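# Notes for the structure review
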Amino acid sequence: MNFGLTEEQEMIVSTVRSFVEKEIYPHEAEVERTGQVPRELGEQIKQKVIDLGFYACNFPEEVGGAGLSHTDFTLVERELGRGSMALTHFFGRPQNILMACNDDQRERYLLPALRGERMDALAMTEPDAGSDVRGMKCSAVRDGGDWVVNGSKHFISGAEHADFFIVFVATGVDETPKGPKKRITTFLVDRGTKGFEVRDGYNSVSHKGYKNCILYFDNCRLSDAQVLGKVDGGFEVMNEWLYATRLTVAAFSVGRARRCFDYALHYAAERRQFGQQIGKFQGVSFQIADMITEIDAADWLTLAAAWRLDQGLLKNREIASAKLYASEALARVTDTTLQIFGGMGLMDDFPIERFWRDARVERIWDGTSEIQRHIISRDLLRPLGA
């Protein structure tokens, strides 16, 4: 067992971390204040990433990506986790399920997305279908040779800047021994399509500037050419995507936790009370010890899950464990850091209160902590007939 990074992996970590510190950190306070990322700033970040050779680094070389392994890409996401999500969005990691594009779709969607010419957004969640994905009401029915879509999606991240959308829609119902089960199909939908509208979403306390939007479909007519993968095959496409995105949340949580911990460590070493640095009091020093232990554990759990994905080993439970533990560890680290800072931790003179607010959503999106616990326990109990 080798727990060290290769020379190439060390280079990846160093390059991305340097980029985040130089190109992302300086703009964070303004994005937090305004809740906006100026379009020209987003384009500047995107172009610098393209020049660096890291744009679409999560895709194979044969389609124009960097060909990084899941482990390598997890290291990229871990370093991006240190920075504002509103800004690192422009680092450019198109949805990996675009690899399901057919020949015509590759020219229209996949390749332009990998070159940074078009940006994508994924639309799955609905007001009444969050964890219960098959409860979605947005549906498509056949009409002649087309599909007619009606319904809505919400909490759609990145929609503000997207040129096209990867949308999961119910396209039928199967009767099963456990009751009706909806069939799901994935569609590629261009912004500006008749009957399709993107509207502003909700104001979130987490990740200011990384906006969510609401999508509306009103008799939106789509052809078979817009189907990604197979008709009624969207659930399989969705599950494959969720492996990658849950690893991303885990890696992001580790990166953000390490940045937050650095603040706690230096503050404990510098802040003086009762004639000495507060880090000399066990009440603080033991918290420091607990935080770094949790962060290291989350880091190794995440990298181990990514490695299993690379090796083609069973990984469902391991990825769920990484997402669960890393996101919850981030919550504890940000809360403890705020406690160490005391009242100043709640002031916007420091980014601690931002880290604390941002951390809360990591336990919700891309599968709640409860869903991850369900996946883990199901994988353990099912082989025993329970």
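Residues numbered from 1 in each chain as written. Predicted model: local features only at pLDDT ≥ 70, side-chain atom pairs only at ≥ 80, totals over all residues. Heavy atoms only, no water.

## Quick word on the overall build of the protein chain
Applied cut-off: Only DSSP runs of H or I with at least four residues qualify as helices, and only runs of E with at least two residues qualify as strands; both kinds are numbered from the N terminus onward. Based on C-alpha atoms, the radius of gyration is set beside the globule rule, defined as 2.2 Å times the residue count to the power 0.38. A simple rule labels every residue: compare its accessible area, found with a 1.4 Å probe on the protein chains alone, to the largest value its type can have, and call it buried under 20%, exposed over 50%, or partly exposed in between. Residue contacts are counted whenever heavy atoms from the two residues lie within 4.5 Å of one another. Method for areas: the Shrake-Rupley scheme with a 1.4 Å probe, in which residue coverage is limited to the protein chains shown.
Per the secondary structure count, the protein chain includes 10 helices and 10 strands. In terms of overall dimensions, the protein chain is globule-like: its C-alpha atoms have a radius of gyration of 22 Å, near the 21 Å expected for 386 residues. Along the longest, intermediate and shortest principal axes, the C-alpha atoms of the protein chain span 80 × 55 × 40 Å. In the protein chain, which comprises 386 residues, the share counted as buried stands at 50%. A separation threshold of at least 6 residues defines the contact pool for the protein chain, and within that pool the share at least 24 residues apart is 74%. For the protein chain, the exposed surface amounts to about 18,500 Å²; the carbon and sulfur share of it is 51%.

## Quick notes on the UniProt feature "domain: Acyl-CoA oxidase/dehydrogenase middle" (unreviewed entry) in the protein chain
Worth spelling out the cut-off: UniProt positions are given in the numbering used here, feature names are shortened, and annotations may be inferred rather than shown by experiment.
Under the present numbering, the feature "domain: Acyl-CoA oxidase/dehydrogenase middle" (unreviewed entry) in UniProt falls on residues 121–220. A distance of 18 Å separates the end C-alpha atoms of residues 121–220, which is 0% helix and 59% strand.

## Observations regarding unusual backbone geometry
Phi is positive for alanine 56, close to 55°, though the residue is something other than glycine. In this fold, alanine 56 is placed in the loop between α2 (39–52) and α3 (70–80). When its relative accessible area of 0% is taken as the criterion, alanine 56 is described as buried. Although it is not a glycine, aspartate 232 adopts a positive phi angle of roughly 70°. Within the element layout of this structure, aspartate 232 appears in the loop between β8 (227–228) and α6 (234–270).

## Some details on helix α1 (residues 7–34)
Count 3.6 residues to each turn of an α-helix, and residues three or four apart come out pointing the same way. The cut-off we apply is this: To estimate the expected span of a helix, count its residues, drop one, and scale the result by 1.5 Å.
When the terminal C-alpha atoms of α1 are compared, their 40 Å separation across 28 residues agrees well with the 40 Å that a helix rising 1.5 Å per residue should span. Positioned one or two residues after α1, glycine 35 has a phi angle of 70°, which is positive.

## Some thoughts on the nonpolar core
For the record, the criterion: To form a nonpolar core, buried Ala, Val, Leu, Ile, Met, Phe, Trp, Tyr and Cys residues must be joined to one another through side-chain atoms within 4.5 Å.
Counting residues in each nonpolar core, the largest one holds 48 residues, and the members touching the most others are Val76, Leu98 and Phe168. Taken together, the elements giving at least two residues each to this core come down to α1, α2, α3, α4 (85–88), α5 (103–114), β4 (164–176), β5 (179–190) and α6. Examining the composition of this core, we find that 6 residues originate from one element, α1, more than from any other. Membership of the second largest hydrophobic core comes to 21 residues, among which are Ala123, Cys138, Trp147 and Val167.

## Topic: the layout of surface pockets
To keep things clear, this is the line we draw: Both site types are read off a 1 Å grid over the protein atoms alone. A 1.4 Å probe that fits but cannot get out defines a cavity, while an open set with protein on both sides within 12 Å along at least five of seven lines defines a pocket; lining residues have an atom within 4 Å of a point. Grid points are joined across faces, edges and corners, and a volume is the space filled by probe spheres set on the points.
Here the second largest pocket defines a volume of roughly 420 Å³. In this structure, the second largest pocket is lined by 15 residues; those nearest its centre are Asn2, Phe3, Leu303, Ala304 and Trp307. Elements with a minimum of two residues in the lining of the second largest pocket: α3 and α7 (282–311). Among the elements that take part in the lining of the second largest pocket, α7 stands out by supplying 6 residues, more than any other.

## So, a nonpolar patch on the surface
Going by this rule: For patches, a residue must show more than 30% relative accessible area and have no salt bridge; joins then use 9 Å for like charges and 5 Å for nonpolar side chains, namely Val, Leu, Ile, Met, Phe, Trp and Tyr. Salt-bridge detection follows one rule: a side-chain nitrogen of Lys or Arg within 4 Å of a carboxyl oxygen of Asp or Glu.
Where nonpolar side chains cluster on the molecular surface, the patch consists of Met344, Leu346, Met347 and Trp356 and spans about 370 Å² of accessible area. By relative accessible area, methionine 344 is classed as partly exposed at 35%.

## Focus: the packing of α1 against α2
Definition in use: Working convention: axes come from line fits to C-alpha atoms, limited for helices to the stretch in contact. Angles between N-to-C directions cover 0 to 180 degrees. In what follows, roughly perpendicular refers to angles from 65 to 115 degrees, roughly parallel to angles under 35, roughly antiparallel to angles over 145, and oblique to any angle outside these ranges. For any helix crossing, the convention is left-handed if the near helix is rotated counterclockwise from the far helix by under a right angle, and right-handed if that rotation is clockwise. Here the term charged refers only to Asp, Glu, Lys and Arg, the term nonpolar to Ala, Val, Leu, Ile, Met, Phe, Trp, Tyr, Cys and Pro, and the term polar to all other amino acids, Gly among them.
Between α1 and α2, the shortest axis-to-axis distance is 12 Å and the interhelical angle comes to 165°. Taken together, α1 and α2 sit at an angle that is classed as roughly antiparallel. Crossing of α1 over α2 shows right-handed handedness. Residues Thr15, Phe19, Glu23, Ile24 and His27 of α1 touch α2, and the partners they reach there are Leu41, Ile45, Lys48, Val49 and Leu52. Among the residues forming the contact of α1 with α2, the class breakdown is 6 nonpolar, 2 polar and 2 charged.

## Description of the packing of helix α8 (residues 316–341) against helix α9 (residues 352–359)
Interaxial distance between α8 and α9 falls to 9 Å at its minimum, and their mutual angle equals 155°. Classified by the angle their axes make, α8 and α9 are roughly antiparallel. Between α8 and α9 lies a crossing whose hand is left-handed. Contacts between α8 and α9 pair Leu330, Ala331, Thr334, Asp335, Thr337, Leu338 and Phe341 from the former with Ile352, Phe355, Trp356 and Ala359 from the latter.

## Brief notes about the packing of aromatic side chains
Convention followed: Working definition: a ring pair exists when centres of Phe, Tyr or Trp rings (six-membered ring for Trp) sit within 6.5 Å. Plane angles under 30 degrees give stacked, over 60 give edge-to-face, the rest tilted. Here, a charge over a ring means that NZ of Lys or CZ of Arg falls within 6 Å of the ring centre while also lying within 35 degrees of the ring normal.
On inspection of all chains with the given rule, the structure shows 14 aromatic pairs. Ring centres 6.4 Å apart and planes at 80° place the aromatic pair tyrosine 267 and phenylalanine 350 in the edge-to-face group. Taken together, the residues span a long stretch of sequence, with tyrosine 267 in helix α6 and phenylalanine 350 in the loop between α8 and α9 at a distance of 83 residues. Phenylalanine 350 gets classed as partly exposed once you look at its relative accessible area, which sits at 26%. Three or more aromatic residues link up through ring pairs in this structure, and these residues are Phe19, Phe54 and Phe91. Sitting over the ring of tyrosine 25, arginine 259 keeps its end group 3.8 Å from the ring centre.

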